[in-house]
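Secondary and tertiary structure notes
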Amino acid sequence: MKQNIAIVGSGFLGMTLAMRYADAGAKVTLFESAAEIGGLASVWEIGDIVWDKHYHVVLASDRHTRNIIEEIGLGDEFRWVETKTGFYTDGELLSMSDTMEFLKFKPLDIISKLRLGATIFYASKVKDWKRLEKITVEKWLTKLSGKKTFEKMWKPLLKAKLGEAYKETAASFIWATIQRMYSARNSGMKREMFGYVRGGYARVLERFGEVLVEKGVEIRLNSRVDKIERLDSGKVRVTPAAARRHKDVKPKIVPQKTKYAKYQTAAVTAPGFSAGFMTEPNPAKPTVRQFPRNGSSDIFDRVILTCPSNVAAKMLPQLEKTERQDLESISYQGIVCASVLMKCSLSNYYVTNITDDTPFTGIIEMSAIVDKREFNGNALIYLPRYVAPDDELFDKTDEEIERYFLNGLEQMYPHFRKKDVVAFKISRVRQVFPIPTVRYSEGLSPMKSSVEGVHIVNSSHIVNGTLNINETVALAENFFSHFLAFLKERNLKITFFIVGQDAALEKNRAAIRSIYDAGHEIANHSFNHEPWLHLYSRDEIVEEFEKTETAIESITGTRPVGFRGPGFSLSPTVIDVLGERGYEYDCSTLPTYVAPLARAFYFLKSPKMSTEEKEKLKKLFGKFSDGFQTLKPHFVETAGKSLVEIPVTTFPIVKTPIHATYLLYLSAFSPLAAKAYWRTAVAACSLTGVQPSLLLHPLDFLSGDDIAELKFFPGMNMPSAKKLNMLSDLLCTYTDKFDVIDMGKHARLFRSNAPAGLPQHEALL
């Protein structure tokens, strides 16, 4: 039976999740309180054009955004432009778009400029963002750039984005900003190239909405959710607020026609509801009235909220008290953003950073990137002012804000005339992004809420990046597939050992294919995953291999060439069969002295076992003498051919395990001890010429709350969010020291380099 999933919020996060779950075969309903999809990326009419409500740009390094736009069929519509950056300082507009302009920048002396440049370069090379989360951005930048530079440059820029909250903000905030901008120059284009899709996000959203409708996603606009409750049946009920509709509207197909596309959207789901994106009734018009929704049909297996944390808390009366407090304690920064359509440009800078006191905190000239023909020959400028959610600016009228902002432009640009303004429109959003305070991630509630079946996934979970569309799409991908997204973000290609009976299930085929399509190797992990494979007869072993190979090949079109025995079970017969069937490598050996202890722990924590079961498992994880085995790849002669044996790496000499599972278990007691142990093990591998094979398990990405039956496994008492942070730190150490490749490639390199072996800086997963 299909899973029935509700997603609250139709920003890029919610839409990406909706598409992924629909592709996985789920029935998806998307609730949106506004009259259009897109969230902060939504669009509106200004003058005679339709464009983004807030300023957005795609960097060359924004691969998540680029991938999703390519996936919906608009990849060929990108336009890339080299940009320029300006600064308004001491009443003067200056350029800072290249090295020479930076060196000529008058507001800073040569020492300050050198320290500023060194700070940016250093921040671009830092990998350990968790360390920066423990120090304020003011303290960190003052230490690196000096007090003078901080007061003149950094402080005004921080206040422009964060207000007085900059004093509590962690240094990881500016690190993430520098990382993103620096990556734009190092993404292959070697210049600061910014991009947009022809037609803007109006075109992207209309196509994204069409794709969702084609995939069967039901989109409910003007549908604010009041309450979400878990029922005794285990299902989750979503109760929407009273809906708005035209009195005389009946269900129908709503045609959509824009500058770039014409198509039919889904039938309305209730009178007045459609999957159209700018066609919902205006609730202020007299032809619109409220009517209650029938909540009996709004029952789901799972609900995912993508709205701000405090909004989510209000919808969930069953939340645990401490979790509610955590969600409500997150501080957000808001924005009042004016879109100004005018006859003339202000400058040739896409971004003008402002360090003086002006009504707005920056100037973004979209027409410095976008062809003016998109704006009917006009210039489009955004004037943002980031403020606290309770700032009095939110309560000023549009006329007051327009007068205030345009007076500011007149003071900055002598050539600007108010008569040149074609249209002026204001967006107010009280909660745009959470303030990343010191040690922010340590107090963050997990995505899985205390209400079973309900997840909260929003911008508060962007802990090592800045809020932008690329990060929200990445967040959705990461939530949907912890493991694949985790590897993709780090550009790692590894080997997945797949159990045959899992591959044989129809529901798993798409997931396995996605692993293969992502460039990872698929290898054989037996069919039944019974850790007493060494007790099987030859015919039984052959059957295990045949069934698994058939299942995997039917999905990928390729037969596996590698094998790992479940529970490290291995026998001479297994080796012979591997050789006969043309396998290239095996990695079922675990050279460690502590296998009996691990087995005893498993017996102690597992449910009561029969004598027969214990007899079968008596060799689980191996025996004490396995500790004397080599850690280096070597050949094993079989009846058919020589096989490369790649042991699972343990700590050289002492042979204690260094699996991710063991490291996570240790980190539950002392993260510092776990990291020190891991770094020492990696250093020992390098010194002894061992190319380390790191064993990861799906449980390393999950917690006991995700799979209650496996809470007894090591490390399962740790929240999955903390696990991912710890794994990220471990892999940073790993990839800094070694080049990571998959098992198959490692085996082939070993064979081609035998007998000398491989260079010492090759590693594998």
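In this report, the structure presented in the accompanying data block is examined. In this convention, every chain numbers its residues from 1, walking through the sequence in written order. Local features in this predicted model are restricted to residues whose pLDDT is 70 or higher, and side-chain atom pairs enter the listing and the counts only when it is 80 or higher, whereas totals over whole chains, interfaces and linings include all residues. With hydrogens and water excluded, all non-hydrogen atoms of the structure serve as input to the side-chain values.

**A word on the sheet that holds strand β11 (residues 225-230)**
Here we have three strands laid out as an open sheet, ordered β11-β12-β17, and antiparallel in their pairing. Edge strands, defined here as strands with exactly one partner in the open sheet, are β11 and β17 (299-300). Should DSSP find at least two bridges between two strands, the strands are regarded as paired. A run of H or I in DSSP becomes a helix once it reaches four residues, and a run of E becomes a strand once it reaches two; helices and strands are each numbered from the N terminus. Relative to β17, strand β12 (residues 236-240) runs antiparallel, the two being bridged by two bridges. Across the sheet, residue arginine 237 finds its bridge partner in β17, namely isoleucine 299.

**Side note on the pairing of strand β2 (residues 27-31)**
Buried means the residue's accessible area, taken with a 1.4 Å probe over protein chains only, is under 20% of the maximum for its type, while exposed means over 50%, and partly exposed covers the values in between. Where burial is concerned, most of β2 is hidden: four out of the five residues are buried. Bridge count for strand β1 (residues 4-8) against β2 is five bridges, and the pairing is parallel. Bridge pairing in β2 links asparagine 4 to lysine 27. Taken together, β1, helix α1 (residues 12-23) and β2 constitute a β-α-β crossover, and its handedness is right-handed. Handedness of a crossover is defined as follows: orient the strands so they point away from the viewer, and if the path from the first strand over the helix to the second runs clockwise, the crossover is right-handed.

**Here's the deal with the environment of lysine 147**
One can find lysine 147 in helix α7 (residues 147-162). Separated by 35 residues in the primary sequence, lysine 147 and serine 112 have C-alpha atoms spaced 9.4 Å apart.

**With respect to the nonpolar core**
The nonpolar core is taken to be a set of buried Ala, Val, Leu, Ile, Met, Phe, Trp, Tyr and Cys residues, with the residues joined through side-chain atoms within 4.5 Å. Trp51, Trp140, Leu141, Leu158, Ile174, Met366 and Phe375 are the most contacted members of the largest nonpolar core, which totals 56 residues. Of all hydrophobic cores here, the second largest spans 37 residues; its members include Met19, Val204, Met447 and Val457.

**Here's the deal with the packing of helix α17 (residues 538-556) against helix α18 (residues 572-580)**
Between two packed helices, the angle of one axis relative to the other and the distance separating the axes together describe the packing. Here α17 crosses α18 at 50°, and the two axes come no closer than 10 Å. When the axis of α17 is compared with that of α18, the two are oblique. Between α17 and α18 lies a crossing whose hand is right-handed. Here Arg538, Ile541, Val542 and Phe545 of α17 come into contact with α18, specifically with Thr573, Val574, Asp576, Val577, Leu578 and Glu580. Polar here means any residue outside two lists: the nonpolar Ala, Val, Leu, Ile, Met, Phe, Trp, Tyr, Cys and Pro, and the charged Asp, Glu, Lys and Arg; Gly therefore counts as polar. Classifying every residue of the contact of α17 with α18 gives six nonpolar, one polar and three charged. Every axis corresponds to a line fitted to the C-alpha atoms, with the helix fit spanning only the stretch in contact, and the corresponding angles, defined between N-to-C directions, vary from 0 to 180 degrees. Working definition: roughly parallel below 35 degrees, roughly antiparallel above 145 degrees, roughly perpendicular at 65 to 115 degrees, and oblique for all remaining angles. Helix crossings fall into two classes, left-handed where the near helix is turned counterclockwise from the far one by less than a right angle and right-handed where it is turned clockwise. By definition, residues are in contact when any of their heavy atoms lie within 4.5 Å.

**Details of a nonpolar patch on the surface**
Taken together, the side chains of Met100, Leu103, Ile110, Ile111 and Leu114 make up a nonpolar region of the molecular surface, amounting to roughly 490 Å² of accessible area. Elements supplying a minimum of two residues to the nonpolar patch: α3 (99-103) and α4 (110-125). Of note, isoleucine 111 is situated in helix α4. Assessed through its relative accessible area of 52%, isoleucine 111 is described here as exposed. A patch consists of residues exposed above 30% relative accessible area that lack any salt bridge, with like charges linked at up to 9 Å and nonpolar side chains (Val, Leu, Ile, Met, Phe, Trp, Tyr) linked at up to 5 Å. Every accessible area reported is derived by Shrake-Rupley at a probe size of 1.4 Å, with residue values counting cover from the shown protein chains alone. Salt bridges, as used here, are contacts in which a Lys or Arg side-chain nitrogen is within 4 Å of a carboxyl oxygen on Asp or Glu.

**What about the sheet that holds strand β9 (residues 193-197)?**
Pairing is antiparallel in the open sheet, where three strands are placed in the order β5-β9-β6. At either end of the open sheet lies a strand with only one pairing partner, and these are β5 (58-59) and β6 (78-82). The pairing of β6 with β9 spans five bridges and is classified as antiparallel. The residue bridging phenylalanine 78 from the neighbouring strand is valine 197, located in β9.

**What to know about the packing of α4 against helix α6 (residues 137-145)**
At a closest axis distance of 8 Å, the pairing of α4 and α6 adopts a crossing angle of 125°. By the criterion of interaxial angle, the relationship of α4 to α6 is oblique. Listed contacts from α6 to Arg115, Leu116, Thr119, Tyr122 and Ala123 of α4 are Trp140, Leu141, Thr142, Lys143, Leu144 and Ser145. Here the residues of the contact of α4 with α6 are counted per class, giving six nonpolar, three polar and two charged.

**Thoughts on the side chain of serine 145**
You can see serine 145 is positioned in helix α6. Relative accessible area serves as the criterion here: at 1%, serine 145 is assigned to the buried category. Side chain to side chain, serine 145 and threonine 119 meet in a polar contact 2.7 Å long. Within polar-contact distance, the side chain of serine 145 engages the side chain of tryptophan 154 at 3.0 Å. If we ignore the near neighbours within four places in the chain, the residues touching serine 145 are Arg115, Leu116, Thr119 and Trp154. In protein, a polar contact means a hydrogen-donor-capable atom and an acceptor-capable atom, both N or O and within 3.5 Å, with residues adjacent in sequence counting only if both atoms are side-chain atoms; elsewhere, any N or O pair within 3.5 Å suffices.

**Looking at α18**
Residues of α18 that are buried: Val574, Ile575, Val577, Leu578 and Gly579. Next to the buried residues of α18 lie α17, β27 (562-563), β28 (585-586), β29 (634-637) and β30 (642-645). Note on α18: the residue one or two positions beyond its end, glycine 582, has a positive phi of about 80°.

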